[in-house]
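Close look at the chain arrangement
Below are the chains, spelled out letter by letter.
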Amino acid sequence: MDYMTQWFVFLWGVYALENYLNFRQWKVVRKSTYSDLNSMLKSHFSQESFKKSQSYADDKMKYGLIHEFYETLRTTAFTLFFISPAFWGKAKEISNQYGFDNEYYHTCMVIFLTSVFESIIGLPWSYYSNFVLEAKHGFNNMTVKFWLTDKVKKLFTIGIPLNAAIMCLIVWVVKFFGDNFYIYAWVLMSIVMFVMMYVYPEFIAPLFDKYSPLKEGVLKEKIEKLAGSLEFPLKKLYVVDGSKRSSHSNAYMYGFRNNKRIVLFDTLIASECTGKNEGKGCEDDEIVAVLGHELGHWKMGHTVKMLIVQEILTFVTFYGFGFFINNDELFANFGYKDELEAGVYIKLIVVLTTIMAPMFEIVGLFMTLFIRSNEFEADRFAVGLGYGELLEKALAKLFNDNSNFPLCDSWYAWKNHSHPHFNERVAELRVQTEKFKAKKQ
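Residues numbered from 1 in each chain as written. Predicted model: local features only at pLDDT ≥ 70, side-chain atom pairs only at ≥ 80, totals over all residues. Heavy atoms only, no water.

The name recorded for the protein chain in an unreviewed UniProt entry is CAAX prenyl protease, from Oikopleura dioica. Per UniProt, the protein chain carries the Catalytic activity (unreviewed entry) text "Hydrolyzes the peptide bond -P2-(S-farnesyl or geranylgeranyl)C-P1'-P2'-P3'-COOH where P1' and P2' are amino acids with aliphatic side chains and P3' is any C-terminal residue." Database annotation for the protein chain, UniProt heading Subcellular location (unreviewed entry): "Endoplasmic reticulum membrane". (UniProt positions renumbered as here; feature names shortened; annotations may be inferred.)

Structure, rendered in structure tokens:
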């Protein structure tokens, strides 16, 4: 079986579909005018903010189209010319040269070589994205020195060591447990995932950003009151200095069982926005409304459901890998033969990126629909708390602050938007808000 040809058909087929949808959205972005907005959108977006978001969306679409073509072409070239097998051979050569002749050292070395290489060739794209595209539209707050230092820190303190450690554990599991490895590999990755859910925000994230307790005041009191009314076990409220990187804003929660934390970006809080971010952010009640939505995810069990889906997908992935781990023809097709015989890590990467790629594509579509459904459900929850109108105002501010384009092609949104687009989201918010008001009367 010619696995490589089949994979190329899939790779370029997905590329063609993605670009067809991207061109549909790009057409919407370039041809729309302010008069195309309905009355609801015009109530939230001025002509100036519309033009600003249109310019930003146009630049992002052009960058995305070029970058995606480059990535697809690069992947094709690297596969045809067996670049990955060459890295594997070099990793084995270097390891053996220093007396480390076993698969664990080979795995660590190939992760090191490929990670550094991928980081270097990705620098021009990252530089353009941050210091040309984002800077042009007023979102980049980083200096070149900070940007480079940040990348080096992430690569050598987190990326390479963590990936190498996890992959060596998987190599050991496969070798030690034989045909039943998939059960133990699944258990291992489940443990790693739950440990990282605690370790990353507590010990790793603070290496790159500053997390400060939310100051005493009205906002903190309102958030704690909301959490208490929902019996949300809130232990810590943090503000992260996201403004040192970007003017984009966000908020999230994390933690196990009775040990939950909420993190607000300083760019989300109007009173924290100074300098380049002045005039942006949400007022206290609007932030509480956003958190009403976020706590809706917790109350409706969305986090648990996502974990269950991830657990199932992880098990299916390792189980499926078991069917191909001894398929020498597959790995030889991609250049791993003779002295370049693939190790467990290489086999896993090949299977995940080729044989299982169609499955991941289909799962991704269903996950997009699932997450979108959860977003609507969390919005309805926030409306039930009486935050419907405040949530609409907050979403409008976030869309304006982030220069998100208010119009979207329906096909493009179906494939790419896990969160409902502003237009359909606010329309549903208003319907639910009216129902809520009717019930209270």
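UniProt tags residues 6–23, 104–128, 155–175, 181–200, 307–325 and 345–371 as "transmembrane region" (unreviewed entry). Within the segment residues 6–23, helix and strand shares are 100% and 0% respectively, and the terminal C-alpha atoms sit 26 Å apart. (Helix = DSSP H or I, 4+ residues; strand = E, 2+ residues; numbered from the N terminus.)

Backbone hydrogen bonds hold the strands of a sheet together, and the pairing may be parallel or antiparallel. Strand order across the open sheet formed by four strands is E1-E2-E4-E3, with mixed pairing between neighbours. Each end of this open sheet is capped by a strand with a single partner; those strands are strand E1 (211–213) and strand E3 (251–254). For this sheet the average axis-to-axis angle between neighbouring strands, irrespective of direction, equals 30°. The pairing of E3 with strand E4 (residues 260–265) spans four bridges and is classified as antiparallel. Directly across from Ala-251, in E4, lies its bridge partner Leu-264. Its contacts with the sheet put helix H8 (residues 218–229) on strand E2 (234–240) and E4, and the angle it makes with E2 is roughly 140°. (Pairing = 2+ DSSP bridges. Axes fitted to C-alpha atoms, helices over the stretch in contact; angles between N-to-C directions. Contact = heavy atoms within 4.5 Å.)

If you look at the biggest cluster of nonpolar residues, it comprises 44 residues, and the most contacted ones within it are Leu-219, Ile-223, Ile-262, Leu-264, Ile-287 and Phe-422. Apart from residues no more than four positions distant in its own chain, Leu-264 is found in contact with Leu-219, Ile-223, Tyr-238, Val-239, Val-240, Asn-250, Ala-251, Ile-269, Ile-287 and Leu-291. In this structure, Leu-11, Phe-87, Val-171 and Val-192 belong to the second largest nonpolar core, which totals 38 residues. (Core = buried A, V, L, I, M, F, W, Y, C linked by side-chain atoms within 4.5 Å. Buried < 20%, exposed > 50% of the residue type's maximum accessible area, 1.4 Å probe, protein only.)

Further remarks concern the pattern of salt bridges. Should their charged atoms come close, side chains of opposite charge can pair. The full count for this structure, using the stated rule, is 24 salt bridges. The residue Glu-216 makes a salt bridge to Lys-220 at a minimum N-O spacing of 2.8 Å. Assessed through its relative accessible area of 15%, Lys-220 is described here as buried. The shortest N-O distance in the salt bridge between Lys-222 and Asp-285 comes to 2.5 Å. Of this pair, Lys-222 sits in helix H8 while Asp-285 sits in helix H9 (residues 284–299), and the two are 63 residues apart along the sequence. Residue Lys-222 is classed as partly exposed on the basis of its relative accessible area of 30%. Among the residues examined, Asp-285 registers a relative accessible area of 36% and is labelled partly exposed. Taken together, the shared-partner salt bridges in this structure form one network comprising Asp-150, Lys-154, Asp-209, Asp-241, Lys-244 and Arg-245. (Salt bridge = Lys/Arg side-chain N within 4 Å of Asp/Glu carboxyl O.)

Looking now at the side chain of Asp-409. Here Asp-409 shows up in the loop between helix H14 (388–401) and helix H15 (410–416). Residue Asp-409 is classed as buried on the basis of its relative accessible area of 10%. At a separation of 2.9 Å, a polar atom in the side chain of Asp-409 contacts the main-chain amide nitrogen of Tyr-412. (Polar contact = N/O pair within 3.5 Å; in protein donor to acceptor, adjacent residues only side chain to side chain.)

Mapped onto this structure's residue numbering, the UniProt feature "domain: CAAX prenyl protease 1 N-terminal" (unreviewed entry) falls at residues 31–210. Taken end to end, residues 31–210 has its terminal C-alpha atoms 42 Å apart, with 81% of it in helix and 0% in strand.

Counted by the stated rule, this structure contains zero disulfides. Here Cys-168 stays free of any disulfide, with the sulfur of Cys-108 as its closest cysteine sulfur at 3.4 Å. Its relative accessible area of 15% is what places Cys-168 among the buried residues. (Disulfide = S-S within 2.5 Å.)

The end-to-end C-alpha distance of helix H4 (residues 83–97) is 21 Å, a good match for the 21 Å that 15 residues give at a rise of 1.5 Å each. Considered for burial, the residues of H4 that qualify are Pro-85, Phe-87, Trp-88, Gly-89, Ala-91, Lys-92 and Ser-95. Each element contacted by the buried residues of H4 is listed here: helix H5 (103–136) and helix H12 (344–355). Backbone geometry just downstream of H4 places Gly-99 in the positive-phi region, at approximately 80°. (Expected span 1.5 Å × (residues − 1).)

Its twelve residues place the ends of H12 16 Å apart at the C-alpha level, agreeing with the 16 Å of an ideal helix rising 1.5 Å per residue. Listing the buried residues of H12 in full gives Val-344, Tyr-345, Ile-346, Lys-347, Leu-348, Val-350, Val-351 and Thr-354.

A full pass over the atoms with the stated rule returns 36 aromatic pairs. Ring geometry for Phe-177 versus Tyr-184: centroids 3.8 Å apart, planes at 10°, classification stacked. Taking the relative accessible area as the measure of exposure, Tyr-184 reaches 39% and is therefore partly exposed. When the ring of Tyr-182 is compared with that of Phe-315, the centres are 5.9 Å apart and the planes differ by 75°; the resulting orientation is edge-to-face. Separated by 133 residues along the polypeptide, Tyr-182 in helix H7 (residues 181–204) and Phe-315 in helix H10 (residues 302–324) bring together distant segments of the chain. Taken together, the aromatic side chains of Phe-181, Tyr-182, Trp-186, Phe-315, Tyr-319, Phe-321 and Phe-323 make up a single cluster linked through ring pairs. If you follow Arg-24 out to its NZ or CZ, it ends over the ring of Trp-411, 4.1 Å from the centre. In this structure, Arg-74 packs its charged tip against the face of Phe-78, placed 5.1 Å from the ring centre. (Phe/Tyr/Trp six-rings, centres within 6.5 Å; stacked < 30°, edge-to-face > 60°. Lys NZ or Arg CZ within 6 Å of the ring centre and 35° of its normal.)

Positive phi values are uncommon outside glycine, yet Asp-338 reaches one of about 55°. Structurally, Asp-338 is set in the loop between helix H11 (328–333) and H12. The class for Asp-338 is exposed, based on a relative accessible area of 62%. The phi angle at Ser-403 is positive, at roughly 55°, despite the residue not being glycine. Relative to the helices and strands, Ser-403 is located in the loop between H14 and H15.

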